[in-house]
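# A structural walkthrough
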Amino acid sequence: NFSEEIFGRVISMSDRLKVKQGYKTPGAFLIDICGLKGYRIGGAKINEAQPAIILNATGTAMAQDVLNLFKYTRDTVKEKTGVELLAEPLFVGDL
């Protein structure tokens with residue numbers, strides 16, 4: 001459940017997000033409204049200026065930190081909005 005302010009932001013954006021298949025919702029917006037900007041796991045952090053970007057905030061983030069933060073973010077957004085975020089990079093190796 002979201003506040004009336006957030007719900008209003010979604011409604012005001014609806015015309016700009018209409019596509020043939022329905023609506024396109026920016027992942028950064030979903031991460032923001034779920035309160036995840038600045039969230040950290042290990043040395044990895046959700047960028048506060050552009051929430052769709054994961055930063056190595058401490059200079060010591062490991063690949064596992066980034067993967068765990070992505071998974072936590074994906075799961076939180078899915079739980080709160082019903083939308084599943086997809087990873088843009090291709091993950092390789094044993095993570």
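Everything discussed here concerns the structure shown above.
Residues numbered from 1 in each chain as written. Predicted model: local features only at pLDDT ≥ 70, side-chain atom pairs only at ≥ 80, totals over all residues. Heavy atoms only, no water.

### Some thoughts on the overall build of the protein chain
In plain terms, the rule: Secondary structure elements are defined from DSSP: runs of H or I of at least 4 residues count as helices, runs of E of at least 2 residues count as strands, and each element is numbered from the N terminus. Remark: exposure states derive from per-residue accessible area (1.4 Å probe, protein chains only) relative to the maximum for the residue type, with buried under 20%, exposed over 50%, and partly exposed in between. Residues count as neighbours in contact if any of their non-hydrogen atoms are within 4.5 Å of one another. A 1.4 Å probe and the Shrake-Rupley method give the accessible areas. Residues count as covered only by the protein chains that appear here.
Looking only at helices and strands, one finds three helices and five strands in the protein chain. Listing every helix and strand of the protein chain by position from the N terminus yields α-β-β-α-β-β-β-α. Put simply, the protein chain has 95 residues, and 27% of those count as buried. Put simply, 36% of the contacts in the protein chain that link residues at least 6 apart link residues at least 24 apart. Counting only carbon and sulfur atoms, one obtains 52% of the accessible surface of the protein chain, whose full area is about 6700 Å².

### Section: the pattern of salt bridges
Heads up, the rule is: Salt bridge, as used here: a side-chain nitrogen of Lys or Arg that lies within 4 Å of a carboxyl oxygen of Asp or Glu.
Taken as a whole and judged by the stated rule, the model has two salt bridges. We note a salt bridge from K45 to E48, for which the minimum N-O separation is 3.2 Å. Overall, E48 belongs to the partly exposed group, its relative accessible area being 44%. For the salt bridge of D75 with R74, the shortest nitrogen-to-oxygen distance reads 3.2 Å. The class for D75 is partly exposed, based on a relative accessible area of 43%. Overall, R74 belongs to the partly exposed group, its relative accessible area being 23%.

### Quick look at helix α3 (residues 63–81)
Applied cut-off: Residue count minus one, scaled by 1.5 Å, sets the expected span of a helix.
Compared with the 27 Å implied by 1.5 Å per residue over 19 residues, the 27 Å span of α3 between its first and last C-alpha is a close match. For α3, the set of buried residues is D65, L67, L69, F70, T73, T76 and V77. On its buried side, α3 packs onto α2 (27–33), β3 (40–41), β4 (44–46) and β5 (54–56). Among the residues trailing α3, G82 stands out with phi positive, at a value near 85 degrees.

Taken by themselves, the reported measurements are silent on function.
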